[in-house]
Amino acid sequence: ISFGQALVPEVIERAMRAAGEADVFLSVGTSLQVYPIAGAVEVANAAGAKIVILNAEETPFDDIADAVFREPIGATLPKLLQP
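Small disclaimer: the values here were computed from a predicted structure and weren't measured.

1. Some details on the side chain of serine 27
Part 1 of the reasoning: Along the polypeptide, serine 27 turns up in strand E1 (residues 24-28).
Part 2 of the reasoning: When sequence neighbours within four positions are dropped, the list of residues in contact with serine 27 reads Leu32, Val52, Ile53 and Leu54.

2. Concerning the pattern of salt bridges
Part 1 of the reasoning: Counting across every chain of the model gives 1 salt bridge.
Part 2 of the reasoning: Here arginine 70 and aspartate 62 are joined by a salt bridge, their closest N and O atoms 2.2 Å apart.
Part 3 of the reasoning: Under the relative-accessibility criterion, aspartate 62 is labelled buried at 17%.

3. Details of the environment of alanine 6
Part 1 of the reasoning: Tracing the chain through its elements places alanine 6 in the segment before helix H1 (9-21).
Part 2 of the reasoning: Judged by its relative accessible area of 62%, alanine 6 is exposed.
Part 3 of the reasoning: Along the chain, alanine 6 and leucine 77 lie 71 residues apart, while their C-alpha atoms are 27 Å from each other.

4. Regarding the sheet that holds strand E2 (residues 50-54)
Part 1 of the reasoning: Read from one edge to the other, the open sheet built from 3 strands follows the order E1-E2-E3, with strand pairing classed as parallel. For this open sheet the edge positions go to E1 and strand E3 (67-69), each flanked by a neighbour on one side alone. Strand after strand, the sheet turns through a mean of 10° between neighbouring axes, direction not considered.
Part 2 of the reasoning: Here 3 bridges tie E2 to E3, and the two strands are oriented parallel to one another. Within E3, the residue paired with valine 52 across the bridge is alanine 67.

Rules used throughout
Residues numbered from 1 in each chain as written. Predicted model: local features only at pLDDT ≥ 70, side-chain atom pairs only at ≥ 80, totals over all residues. Heavy atoms only, no water. Helix = DSSP H or I, 4+ residues; strand = E, 2+ residues; numbered from the N terminus. Contact = heavy atoms within 4.5 Å. Salt bridge = Lys/Arg side-chain N within 4 Å of Asp/Glu carboxyl O. Buried < 20%, exposed > 50% of the residue type's maximum accessible area, 1.4 Å probe, protein only. Pairing = 2+ DSSP bridges. Axes fitted to C-alpha atoms, helices over the stretch in contact; angles between N-to-C directions.

Here you go:
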């Protein structure tokens, strides 16, 4: 979600459901400060998902993350997604 972007309730609801069913929640390139979607991290965490954050700067959820990466997305994301 970008600042000023319209929130579509159905999309948010679908994202929250997916977060609650995820085994791994991967957050890429976001400050995780824009709600309501930033709350998806809490939903995933409460459901027992592993939380992985890839962002250049600290986020409010770094302390609950199972892994935090402060490396360039283009170089790191392909490595994280390898089987």
